[in-house]
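Below are the chains, spelled out letter by letter.
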Amino acid sequence: MKITTDTTLINQSDLVITSQSFGLLRKELFKNIGMKKAKGFLLRFGKELGSNKAKELMEKTQSIEELLKLASQIHVKLGHVTAVEPNDSPPELEQNINRKLANVTGRWIDSFEVATHLEHYGIADECSCYTLSGFASGYVSTIFNEDIFVKEITCRSKGDADCTFYINTKEFWQKDSNEDLPIYDDQTILNELEDTYDQLLSQRNHLNKMTNFHRELTESVIKNNSIENVVKRAYEILNIPIVIEDLHGNVLVLNGIESDHYKKDILKSKKRKKLIDIYHTTYEKMDQIQLLTTPIFLQNKVFAFCSFIYIEPQTVDEHDDLFLERLSLVATLCFLNEKVSFETSERLKISILDRLINKQYNSITEITSQLKFMIPNTTGSFVTLSLKCSSKNNKSSSIDLYDQILQLSKALKSHYLEGLISQHKDQIVILLSSVDATFLIKKINKVWSHMVKTNKNLDYKIGISNIFKDLRDFHESMKQAEQAVRLPRDQKIILYEELGLLGPMLKDMNVENVKEIAVKELGTLLNQDDKSKELLHTLYTYLVNGGKLEKTMGDLSLSIGGIQYRIRKIEDIIQKDLKVFSTASYLLMLIESLVLIGEVEM
């Protein structure tokens, strides 16, 4: 803007500033209140200036024609532009005056706003002479006492050749324009500041609510409150039903809605989508129910999901995602505390069972006392489980048995089975106490199902010993469980008693004698080369299937000719007729004996 001394058009009370200063003001507005609000502010700011200038000049003359001629001069004198060039000829302009200045176009030469915009922002996406448009709109609206908008059509700030404008009534623009017209409305700077204050006040109230919310939840964690208490407190503050589910959709915590209602209308809803973006907050709508869901991370992995539940007429607030994510962070602390506490307890149990397995005690009463300390309601009724887990896809891939132990411990507790868990060789050993034989197998089946569902890439097989009363019999029970789990059957849970005569026979038989008999009867089939192992596996499958070639063919995925060839070769090696029932039964028992004592794997 230029400084002028022309007192005809410039009033002494006018504030004249340089274009550079105005450019800085404009830049700060864009930075602090955003482009849309800054645009509206500058339009209304210009409109207020133009209106005031028109009122000031109307005190000197009431001639509309004279006032319109002064408009271009004012633009120049105030330093807005170097010139204003209307595109209409004087006769047409006179005619437009009589029609209240509708449909007039023109161009601004050297707009000061173009220079400031290009300096601070470069090429624009839209016309940028907001103050000029506002000034001209306010000026002509005051002269004609009617809402008339001067809109910029092209602008040099966005690469056009000229800054051109188009004048028409509000009714015209409302009908033919898609632009947001309310930003032209007569809202004073005071109104804008009041709106800004209201927004700041709203933001402050929101920040205070968020701060109080976080403090309340953090205090709950500090007081060692459970995740259930934290979620309950969050519901009391927000009055929004909350659910936390694990990765498999199992409900861990629920508050603010009945469990049956949640399971029926949400958990089992066919319209509920599977989470695709599990690392960010997502929104989902199902009929009259809305869900806002965010992940809960534990040690850099997604551990569970936390959701706000909205049942109509309750709706999602624009800030609810912040509260949900804050609750997720606090839930992480709760789960981490529980994990540390749980793992500490489990390590103690592992150490007790390790001492029992390795006989690292002076008296069995030491173990009994420690067991009663860890499991207060222990009664003298025990059973030992041996669990073997293997990868479905890659048999040689390593499995984190410690993680499996922790999962098993939680699964056992959830089905009211108390005991100790540890690792022995490549298997997991479980000593259960206070055993109720009536429901034991049913509960173990549920634990097995849970593990299979949770770890879809793993296979599980469980061997179960006979129930015993004295911990001094633990090692014998562990041997029973290990023999049961080795039995090469399709069953996933095998009782020791299902071994029949094999169990007691192996208990009283010298293992070396069994090996000697096996070598004598099976010969080179016991060699460790792949061909011998293949023939031994074929023999075992054939014997288990009762000598049925079709069934054996299906199990081994071989042709009938291939099976017959292998059977003949096996008979040549062992010099026995496999069609003889007594011979087949004897060989099956012998091979299974080798499996049970761990000499052969099937």
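Remember, it's a predicted structure, so these values are computed and weren't measured experimentally.

Rules of the game
- Residues numbered from 1 in each chain as written.
- Predicted model: local features only at pLDDT ≥ 70, side-chain atom pairs only at ≥ 80, totals over all residues.
- Heavy atoms only, no water.
- Helix = DSSP H or I, 4+ residues; strand = E, 2+ residues; numbered from the N terminus.
- Buried < 20%, exposed > 50% of the residue type's maximum accessible area, 1.4 Å probe, protein only.
- Contact = heavy atoms within 4.5 Å.
- Areas by Shrake-Rupley, 256 points an atom, 1.4 Å probe, with all protein chains shown as cover.
- Pairing = 2+ DSSP bridges.
- Axes fitted to C-alpha atoms, helices over the stretch in contact; angles between N-to-C directions.
- Parallel < 35°, antiparallel > 145°, perpendicular 65-115°, else oblique.
- Left-handed = near helix turned anticlockwise from the far one by under 90°.
- Nonpolar A, V, L, I, M, F, W, Y, C, P; charged D, E, K, R; others polar.
- Salt bridge = Lys/Arg side-chain N within 4 Å of Asp/Glu carboxyl O.
- Disulfide = S-S within 2.5 Å.
- Patch = residues over 30% accessible without salt bridge, like charges linked within 9 Å, V, L, I, M, F, W, Y side chains within 5 Å.
- Lys, Arg positive; Asp, Glu negative; His and termini not counted.
- Charge placed at Lys NZ, Arg CZ, Asp CG, Glu CD.
- Core = buried A, V, L, I, M, F, W, Y, C linked by side-chain atoms within 4.5 Å.
- pLDDT = per-residue confidence, 0-100.
- Phe/Tyr/Trp six-rings, centres within 6.5 Å; stacked < 30°, edge-to-face > 60°.

What to know about the overall build of the chain
Counting its regular elements, the chain contains 21 helices and 14 strands. Across the 602 residues of the chain, 44% fall into the buried class. Pairs at least 24 residues apart make up 63% of the contacts formed inside the chain by residues separated by at least 6 positions. Carbon and sulfur atoms make up 52% of the accessible area of the chain, which totals about 32500 Å².

Structural notes on the sheet that holds strand β2 (residues 104-109)
Strand pairing in a sheet is mediated by backbone hydrogen bonds. Such pairs are either parallel or antiparallel. The sheet built from four strands is open, its strands ordered β1-β2-β4-β3 with antiparallel pairing. Two strands bound the open sheet, and with one partner strand each, they are β1 (83-86) and β3 (148-154). Strand-to-strand twist of the sheet, defined as the mean angle between neighbouring strand axes without regard to direction, takes the value 30 degrees. Examined bridge by bridge, β3 and strand β4 (residues 163-169) share six bridges and lie antiparallel to one another. Bridge assignment links T154 to a residue of β4, and that residue is T164.

A few points about the packing of helix α11 (residues 320-357) against helix α12 (residues 364-374)
Close contact between α11 and α12 brings their axes to 10 Å; oriented N to C, the two are set at 160 degrees. Comparing the axis directions of α11 and α12 gives the class roughly antiparallel. You can see that α11 and α12 cross each other, and the crossing is left-handed. Contacts between α11 and α12 involve S345, L348, K349, I352, R355 and L356 on the former and, on the latter, I364, E366, I367, Q370 and M374. Per-class residue counts for the contact of α11 with α12 are six nonpolar, two polar and three charged.

Focus on the pattern of salt bridges
Opposite charge on two side chains permits pairing when their charged atoms draw close. One pass over the full model with this rule turns up 21 salt bridges. One salt bridge in this structure joins E343 and K339, with 2.5 Å as the shortest N-O distance. Placement of the pair is E343 and K339 together in helix α11, with a separation of four residues, close to one helical turn. A relative accessible area of 9% means that E343 is categorised as buried. Taken together, the shared-partner salt bridges connect E85, R107 and D162 into one network.

Thoughts on the state of the cysteines
Applying the stated rule across the entire model yields zero disulfides. For the unlinked cysteine C127, the closest cysteine sulfur is that of C155, found at 5.1 Å. Judged by its relative accessible area of 15%, C127 is buried.

Quick word on a positive patch on the surface
On the surface, K392, K453, K456 and K492 cluster together into a patch of positive charge. Mapped onto the secondary structure, K453 falls in helix α14 (residues 440-454).

Here we look at unusual backbone geometry
Trans peptide bonds make up most of the peptide bonds, and negative phi angles are found at most residues other than glycine. Residues E312 and P313 are joined by a peptide bond in cis, for which omega reads 15 degrees. Along the chain, P313 falls in the loop between β9 (301-311) and α11. The phi dihedral of Y416 is positive, around 60 degrees, even though this residue is not glycine. Among the structural elements, Y416 can be located in the loop between α13 (401-414) and β11 (419-424). Classification of Y416 as exposed rests on a relative accessible area of 69%.

Some details on the environment of I591
Take I591: it is sitting in helix α21 (residues 581-596). C-alpha separation for the pair I591 and L522, spaced 69 residues apart in sequence, amounts to 8.9 Å.

Quick word on the nonpolar core
Ranked by size, the top nonpolar core spans 38 residues in total, and within it L42, I74, W108, C129, Y139 and V150 carry the most contacts. Going through the elements one at a time, α1 (19-33), α2 (35-58), α3 (64-77), β2, α5 (112-121), α6 (130-144), β3 and β4 are the ones with two or more residues in this core. Of all the elements, α6 adds the most residues to this core, at eight residues. By size, the runner-up hydrophobic cluster in this structure holds 27 residues, among which are F213, L292, L298 and F308.

Observations regarding a nonpolar patch on the surface
On the surface, I517, Y586 and M589 cluster together into a nonpolar patch covering about 220 Å² of accessible area. One can find I517 in helix α17 (residues 511-522). When its relative accessible area of 35% is taken as the criterion, I517 is described as partly exposed.

Overview of the side chain of K349
Considering the arrangement of structural elements, one finds K349 in helix α11. Note on K349: relative accessible area 4%, which makes it buried. In this view, K349 contacts M374, K413, E418, G419, L420 and I421; residues no more than four positions away in its chain are not counted.

Notes on the confidence of the model for the chain
The predicted model of the chain has a mean per-residue pLDDT of 82, with 87% of residues at 70 or higher. Within the chain, the lowest mean pLDDT, 43, falls on helix α4 (residues 90-98), and the highest, 92, falls on strand β12 (residues 427-432). Confidence over residues 1-5 falls short of pLDDT 50; this stretch has 15 contacts with residues more than four positions distant or in other chains. Taken together, the stretch residues 89-95 has pLDDT below 50 and engages in four contacts with residues farther than four places along the chain or on a different chain.

Considering the packing of aromatic side chains
Enumeration over the complete set of coordinates arrives at ten aromatic pairs. An angle of 5 degrees between the planes, with centres 6.4 Å apart, marks the rings of F41 and F45 as stacked. Pair noted here: F41 and F45 are both in helix α2, with a separation of four residues, about one helical turn. A residue is classified by how much of its surface remains accessible, and F41, at 15% relative accessible area, is buried. A centroid spacing of 5.2 Å and a plane angle of 80 degrees characterise the contact between F213 and F323, whose relative ring orientation is edge-to-face. Remark: F323 occurs in helix α11 and F213 occurs in helix α8 (residues 189-222); sequence separation between them is 110 residues. On the basis of relative accessibility, which here comes to 3%, the residue F323 falls in the buried class.

So, the pairing of strand β13 (residues 458-464)
Here β13 lies mainly inside the structure; six of its seven residues are buried. Bridge count between strand β10 (residues 383-391) and β13: seven bridges; the pairing is antiparallel. Following the sheet pairing, C389 is matched in β13 by Y460. Pairing geometry for β13 and strand β14 (residues 493-495), over three bridges, is parallel. Counterpart to I464 in the pairing with β14 is L495.

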